[in-house]
Amino acid sequence: MSKEEFQVPQNVKMSFDAEKVFGPKESVDEIMQLHQEGEYADILSSTDNTEKLINNLIKNKEAFVEISKLVDSSAERKVMLPMPKAMTVDSLGSMKLSADAATAAPNSTPGGAYVINPNTLYTDSIAAKGDQRWYAFQLTAEKKLTVYMAPVADISVDNDLYLYKFDQISSSITVAAESKNKAGMYELLSYVASAGIYFISVNSYACDAANSFQIMARISDTWDEAEGDDSMAMAKEMPVNSEIIGTLDNSIDQDCRLWLVKETGTYQLELRVPADTLKYQVQILSSSQNLITSMEQNARVFFPNVAPGGYYIKIVSADGQVDPAVKYDFSMILIPPDIIDTSKYTGMLSQSGKQLVEFLQPGAVAGLERNALTVDRKEFNPQFIDFSTGRPSMPGYQCGGLGEVNTQFDNKNLGVGTYTSDLINVNNAMICIAKNALYFWQLRKKFYHDYPAGYGQPDHTYPGGTDQYGTPYYTGVWRREGYLPIQFIFDVDQMKVVDMYNPNFFYGTADYTEVKGNGTHTFTLK
């Protein structure tokens with residue numbers, strides 16, 4: 001029987017007095033005292049560990065790292081898949097719940113669910129295939145839930161994990177999220193939960209004997225808009241030439257996607273994390289949930305000849321350290337089939353995520369003898385660059401850049417992002433260096449007999465006519481130019497140059513008389 005055919009409770013009608021169980025009281029002691037006095041007294045009396053259940057929250061003193069030995073039948077090899085390492089946070093405790101595994105557990109039905117505290121690691125056991133263990137807790141405000149279940153390191157044990165939302169009007173529960181990993185693996189799911197009552201169910205899909213497990217419902221105050229995406233069973237497809245911009249909001253948070261490969265191809269994967277103190281990584285798993293490989297942050301990795309099929313992608317913290325304020329950017333790009341040398345290829349998605357920006361060096365494709373910069377395979381020709389700019393605050397001054405026969409783009413400091421200046425704002429921008437471009441600065445100014453102080457004789461002089469008094473005047477042009485690398489700003493949507501980042505007279509590059517502009521500009525990398 002497949003897991004899809006395995007029956008689990010979906011919409012369960014139940015006799016559960018939520019107000020009586022949870023009421024306005026929030027402490028473990030108060031809730032458990034209420035249980036002892038009411039109809040749920042059997043929950044406590046059925047276990048020989050009542051005092052520990054109520055009072056003894058034991059700090060987890062050893063790193064909880066469960067190693068599942070998974071056999072990849074296609075490769076005939078074993079793969080070590082570590083459990084999350086950050087289960088030893090001081091604020092987390094552990095508590096044993098169940099009685100002897102051979103005794104029917106009172107929490108084997110939703111109506112007998114144990115009340116648990118969020119952010120606490122519990123130990124329980126399950127006896128046979130088809131058994132269930134139920135837990136309940138209450139949220140007083142909207143939170144992101146991360147529910148975690150760790151089995152014993154035994155590939156004959158396969159326990160699945162479900163989260164239910166309780167409807168107080170109909171007294172029923174409905175599945176909100178699920179995790180159905182293969183035998184021997186931990187289960188993890190997430191859900192953005194409004195205030196209310198929630199149930200967790202651990203269902204035994206397969207086991208040969210009684211086995212224990214650990215379980216925890218962790219809450220987060222902040223989360224990204226893609227949550228909940230912690231479960232591989234609920235992973236959304238990640239299209240080619242797309243990206244995920246997200247956060248990890250707690251130490252066991254993981255973001256999952258389904259990668260569907262329709263035909264053999266080469267892919268470029270990159271995880272960018274703007275924080276050296278963090279150690280995020282990408283894990284790639286087969287459709288049978290075996291770990292294939294992993295890659296670290298801030299590395300661009302090519303995967304050649306990826307075979308058709310389904311793969312899972314997980315973004316995790318390698319050491320359990322996270323920063324919910326730091327956004328990561330994970331991109332997946334399908335390399336065009338004409339690329340014959342990926343070492344001479346750079347691909348990135350634009351700031352908007354809608355365009356594919358590519359930089360090709362000679363040899364990247366057959367017959368290419370110069371650098372090429374393209375957006376969705378439409379090329380920017382550097383020889384056609386003809387840009388100049390001025391400022392109302394500095395009349396007569398102008399600077400610009402021109403492409404020439406030998407002008408070529410360089411991939412040094414190539415990037416996409418947003419650009420702001422005192423004249424223009426570009427939300428979908430790109431910055432790129434053009435080598436051997438012609439940079440010029442010039443001043444066009446009216447004069448009579450004497451030249452402006454410090455400028456000397458004009459490079460060009462034109463008759464200007466006479467003024468209102470009949471006095472003749474001239475227009476002088478003082479110009480300096482040279483071939484050098486210029487950083488240009490491109491509007492990706494319009495496919496054109498809109499500014500010069502450096503050098504640029506108006507952003508503080510002084511001319512030979514030490515006159516310089518006072519414009520402001522900032523390029524913010526994606």
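This text gives an overview of the structure that appears in the document.

## Notes on unusual backbone geometry
Then, number 1: Note the cis peptide between Glu 227 and Gly 228, where omega equals -5°.
Then, number 2: Inspection of the secondary structure assignment puts Gly 228 in the loop between strand S14 (211-220) and strand S15 (236-237).
Then, number 3: The omega torsion across Asn 502 and Pro 503 is -5°, close enough to zero to call that bond cis.
Then, number 4: Tracing the chain through its elements places Pro 503 in the loop between strand S34 (496-502) and strand S35 (521-525).
Then, number 5: With a phi close to 55°, Asn 241 is a non-glycine residue in the positive phi region.
Then, number 6: Relative to the helices and strands, Asn 241 resides in the loop between S15 and strand S16 (242-246).

## So, the pairing of strand S26 (residues 372-375)
Then, number 1: Judged by which residues are buried, S26 turns out to be covered on both faces: Ala 372 and Thr 374 on one side and Leu 373 and Val 375 on the other are all buried.
Then, number 2: Bridge count for strand S25 (residues 356-360) against S26 is four bridges, and the pairing is antiparallel. Each bridged residue has a counterpart across the sheet, and for Leu 360 the counterpart in S26 is Ala 372.
Then, number 3: Alignment of S26 against strand S27 (residues 378-380), held across three bridges, turns out to be antiparallel. From the neighbouring strand, Thr 374 faces S27, where its bridge partner is Glu 379.
Then, number 4: As consecutive antiparallel partners, S26 and S27 are separated by two residues, and within that stretch Asp 376 has a phi angle of approximately 50°, a positive value.

## Description of the nonpolar core
Then, number 1: In terms of nonpolar packing, the biggest core is built from 32 residues, with Leu 373, Phe 409, Met 430 and Phe 488 touching the most fellow members.
Then, number 2: Mapped onto this core, the elements with two or more residues apiece are S25, S26, strand S29 (397-402), strand S30 (408-421), strand S31 (425-447), strand S33 (472-491) and S34.
Then, number 3: It is S31 that provides the largest number of residues to this core, a total of eight residues.

## Remarks on the sheet that holds strand S22 (residues 309-317)
Then, number 1: Reading across from one edge, S15-S17-S22-S19-S20 is the order of the five strands in this open sheet, with mixed pairing throughout. Here the strands that pair on one side only, and so sit at the sheet edges, are S15 and strand S20 (291-296).
Then, number 2: Relative to S22, strand S19 (residues 280-286) runs antiparallel, the two being bridged by seven bridges. Within S22, the residue paired with Tyr 280 across the bridge is Ser 317.

## Quick look at the pattern of salt bridges
Oppositely charged side chains may form a pair once their charged atoms are brought near each other.
Then, number 1: Counted under the stated rule, the structure contains 16 salt bridges.
Then, number 2: Of the charged contacts, one joins Glu 227 and Lys 144 as a salt bridge, the two residues approaching to 3.5 Å between their closest N and O atoms. Separated by 83 residues along the polypeptide, Glu 227 in the loop between S14 and S15 and Lys 144 in strand S9 (residues 143-151) bring together distant segments of the chain. Across the pair, Lys 144 and Glu 227 agree in class, each one buried.
Then, number 3: The salt bridge partner of Lys 526 is Glu 243, with a shortest N-O separation of 2.6 Å. Placement of Lys 526 in the segment after S35 and of Glu 243 in strand S16 is noted, with a sequence separation of 283 residues between them.
Then, number 4: Classification of Glu 243 as partly exposed rests on a relative accessible area of 23%.
Then, number 5: Connected via shared salt-bridge partners are Lys 144, Glu 227, Asp 230, Asp 249 and Asp 253.

Basis of the calculations
Residues numbered from 1 in each chain as written. Predicted model: local features only at pLDDT ≥ 70, side-chain atom pairs only at ≥ 80, totals over all residues. Heavy atoms only, no water. Helix = DSSP H or I, 4+ residues; strand = E, 2+ residues; numbered from the N terminus. Buried < 20%, exposed > 50% of the residue type's maximum accessible area, 1.4 Å probe, protein only. Pairing = 2+ DSSP bridges. Core = buried A, V, L, I, M, F, W, Y, C linked by side-chain atoms within 4.5 Å. Salt bridge = Lys/Arg side-chain N within 4 Å of Asp/Glu carboxyl O.

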